[in-house]
Amino acid sequence: MWTFTQDVDEYAEAAEAFLTADPISNTVPLTVLVGMKAGIRVEGAYFGWWRPDGQVRGAVFRTPPHPLGLARMPVEAIPALVEALRDREVPEVVGPVELTDAFTAASGGQVVRVVSERLYALGTLEIPSVPGHGRLATAADLPLLVAWCQAFHQEVELNPGDVVAYVERRLAGREFFVWEDDGAPVSLAALQPPAGGVCRIGPVYTPPSCRRRGYGAAVTAFASRTGVEERCEQVVLFTDLANPTSNSVYQSIGYEPLTDYAHVMYRP
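The paragraphs below set out a description of the structure included in this document. Note that the structure is a prediction, hence the values are computed from the model and not measured.

Parameters and conventions
- Residues numbered from 1 in each chain as written.
- Predicted model: local features only at pLDDT ≥ 70, side-chain atom pairs only at ≥ 80, totals over all residues.
- Heavy atoms only, no water.
- Helix = DSSP H or I, 4+ residues; strand = E, 2+ residues; numbered from the N terminus.
- Rg over C-alpha atoms; globule rule 2.2 N^0.38 Å.
- Buried < 20%, exposed > 50% of the residue type's maximum accessible area, 1.4 Å probe, protein only.
- Areas by Shrake-Rupley, 256 points an atom, 1.4 Å probe, with all protein chains shown as cover.
- Lys, Arg positive; Asp, Glu negative; His and termini not counted.
- Charge placed at Lys NZ, Arg CZ, Asp CG, Glu CD.
- Patch = residues over 30% accessible without salt bridge, like charges linked within 9 Å, V, L, I, M, F, W, Y side chains within 5 Å.
- Salt bridge = Lys/Arg side-chain N within 4 Å of Asp/Glu carboxyl O.
- Pairing = 2+ DSSP bridges.
- Expected span 1.5 Å × (residues − 1).
- Phe/Tyr/Trp six-rings, centres within 6.5 Å; stacked < 30°, edge-to-face > 60°.
- Axes fitted to C-alpha atoms, helices over the stretch in contact; angles between N-to-C directions.
- Left-handed = near helix turned anticlockwise from the far one by under 90°.
- Contact = heavy atoms within 4.5 Å.
- Nonpolar A, V, L, I, M, F, W, Y, C, P; charged D, E, K, R; others polar.
- Core = buried A, V, L, I, M, F, W, Y, C linked by side-chain atoms within 4.5 Å.

A closer look at the overall build of the chain
Right, so step 1: Scanning the chain from terminus to terminus reveals 8 helices and 12 strands.
Right, so step 2: Against the compact-globule benchmark of 18 Å for 268 residues, the chain has a radius of gyration of 18 Å, which places it among compact chains.
Right, so step 3: In the chain, which comprises 268 residues, the proportion classed as buried is 48%.
Right, so step 4: If you sum the accessible surface of the chain, you get close to 12,400 Å²; carbon and sulfur atoms cover 50% of it.
Right, so step 5: Positive and negative side-chain charges in the chain, numbering 21 and 32 respectively, have mean positions lying 2 Å apart.

Considering unusual backbone geometry
Right, so step 1: The step from proline 64 to proline 65 runs through a cis peptide bond, and the omega angle for that step is 10°.
Right, so step 2: Its place among the elements puts proline 65 in the loop between β3 (58-62) and β4 (68-70).
Right, so step 3: Look at the link from glycine 202 to proline 203: it is a cis peptide, with omega at 0°.
Right, so step 4: Within the secondary structure, proline 203 is located in strand β10 (residues 198-205).
Right, so step 5: Even without being glycine, aspartate 182 reaches a positive phi, approximately 55°.
Right, so step 6: Along the chain, aspartate 182 turns up in the loop between β8 (176-181) and β9 (184-191).
Right, so step 7: We classify aspartate 182 as exposed; its relative accessible area is 79%.

Remarks on a negative patch on the surface
Right, so step 1: Among the surface-exposed residues, Asp7, Asp9, Glu10 and Glu13 lie close enough to one another that they form a single negatively charged patch.
Right, so step 2: Counting through the fold element by element, aspartate 7 comes out in the loop between β1 (2-5) and α1 (8-20).
Right, so step 3: A relative accessible area of 38% means that aspartate 7 is categorised as partly exposed.

Quick notes on the pairing of strand β6 (residues 111-122)
Residues in a regular strand project their side chains so that they alternate between the two faces of the sheet.
Right, so step 1: In this structure, β6 lies alongside strand β12 (residues 255-266), joined through 11 bridges in antiparallel fashion. Residue pairing across strands places serine 116 opposite alanine 262, the latter belonging to β12.
Right, so step 2: Across 5 bridges, β6 lies against strand β11 (residues 234-240) in antiparallel orientation. Looking across to β11, one finds that leucine 119 is bridged to phenylalanine 238.

So, helix α7 (residues 215-231)
Right, so step 1: Its 17 residues give α7 an end-to-end C-alpha distance of 23 Å, which sits within 8% of 24 Å, the value for a rise of 1.5 Å per residue.
Right, so step 2: The element α7 is extensively covered by neighbouring structure, given that 12 of its 17 residues are classed as buried.
Right, so step 3: Within α7 the residues assigned to the buried category are Tyr215, Gly216, Ala217, Ala218, Val219, Thr220, Ala221, Phe222, Ala223, Ser224, Thr226 and Gly227.

Here we look at the packing of aromatic side chains
Right, so step 1: Scanning the entire structure with this criterion turns up 11 aromatic pairs.
Right, so step 2: A ring pair is formed by tyrosine 11 and phenylalanine 47, whose centres lie 4.8 Å apart and whose planes are at 25°; its orientation type is stacked. With tyrosine 11 in helix α1 and phenylalanine 47 in strand β2 (residues 46-50), this pair connects stretches of sequence that are 36 residues apart.
Right, so step 3: A relative accessible area of 1% means that tyrosine 11 is categorised as buried.

Section: the packing of α1 against helix α2 (residues 27-37)
Right, so step 1: At a minimum axis separation of 11 Å, α1 and α2 run at an interaxial angle of 145°. Helix-helix and strand crossings are classified by hand; for α1 and α2 the assignment is left-handed. Across the interface between the two elements, Val8, Tyr11, Ala12, Glu16, Leu19 and Thr20 of α1 pack against Pro29, Leu30, Leu33, Met36 and Lys37 of α2.
Right, so step 2: Its residues assigned to classes, the contact of α1 with α2 comprises 8 nonpolar, 1 polar and 2 charged.

A few points about the nonpolar core
Right, so step 1: The biggest cluster of nonpolar side chains holds 38 residues, and the ones touching the most others in it are Tyr11, Leu68, Leu70, Met73, Ile78 and Phe103.
Right, so step 2: Listing elements by their share of this core, those giving two or more residues are α1, α2, β2, β3, β4, α3 (78-84), α4 (97-107) and β12.
Right, so step 3: When near neighbours in sequence (up to four residues on either side) are disregarded, tyrosine 11 contacts Thr5, Glu16, Leu19, Leu33, Phe47, Gly48, Trp49, Ala59, Val60 and Phe61.

What to know about the pattern of salt bridges
Right, so step 1: By the definition in use, this model includes 9 salt bridges.
Right, so step 2: Between aspartate 53 and arginine 57 there is a salt bridge, and its shortest N-O distance comes to 2.8 Å.
Right, so step 3: Arginine 135 is paired through a salt bridge with aspartate 141; the nearest N and O atoms lie 2.9 Å apart.

Considering the environment of leucine 68
Right, so step 1: Tracing the sequence through the fold places leucine 68 in strand β4.
Right, so step 2: For leucine 68, a relative accessible area of 0% corresponds to the buried category.
Right, so step 3: Distance from leucine 68 to leucine 188, taken between C-alpha atoms, is 27 Å for residues 120 residues apart in sequence.
Right, so step 4: Setting aside residues up to four positions removed in sequence, leucine 68 forms contacts with Tyr46, Val60, Phe61, Arg62, Leu85, Val90, Glu92, Val93, Val94 and Phe103.

Structure below.
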C-alpha cells in the first residue's frame, strides 16, 4: 500500500530509516530529504512510501520541476505506485534502471528521451597531476557559477529550476569548489551535504575552452578529498553513460562503478 503526503516530517518519520539502510543507492532521496528538513521548500512537492506488510519497503518523492524520484525498492512495488499516481502528472521519472523500466511498462508512458546513468562510489582516491589548485568557491564567484551552471544544464538538456537561487543556496552551504590555473577559474565541482554519511559530487563542469586539460578530474578529486577528510564517510557520483570520457576520467581518480540508473522523460 502506498501512502502520500506533502508533510516532510511525516515522510521522514515513515521512510528515513528505510532510506538510510542503503545510503549509497538512496543518495538522491536522502539528499532531498536532508534539504527539505533543513528548510528548503518546493511548491507542489510530495512524498510517498510503500508499506506492503507493516514495514516500509519503498519510497518516492517529487520536487517540481524535477522528476519523480524512485528509491531503491523491490520491483513489485511499481505497479501499485503507478496506480496510486494515476491522478498526478508524472512527466519524468528517475531511479534504478530496473525500476524505471517497470514504471514505463506499468504506466504505458510514451518515452521521448532516456538518459542512462551509472552510480560510482569512491574507492582509493588518486590525485591527478594537473596545473593549478583547488579552492572553496566564495560569494565573489556567484556570477561565474550561475553562468557555468546554466551552461551545464543546457548541455545535459535538463531543467534546473531557478539557477540563481540554486547557486546562492549551495554557495551558502559551502558546496561549490573551483579549480584555478594561472590565476583564473577553469572548472567547478559541487559536493552535496552529507546524507546518511554519504556526499554526492555534482554537477561537474568545465567550459569548452578549458577542456581536455585534466581540470575536471582535478576539481572532482579536490572536492572528493574534502568530502572524505572533512564531511562524510563515502563519496559517490553519477555519470552519463553516453559520455565515455567522463566515465573514464572518474575511474582514473578512483571511482568504482556500482549500478545503473535511468532518467526517463515521457510525452505529455
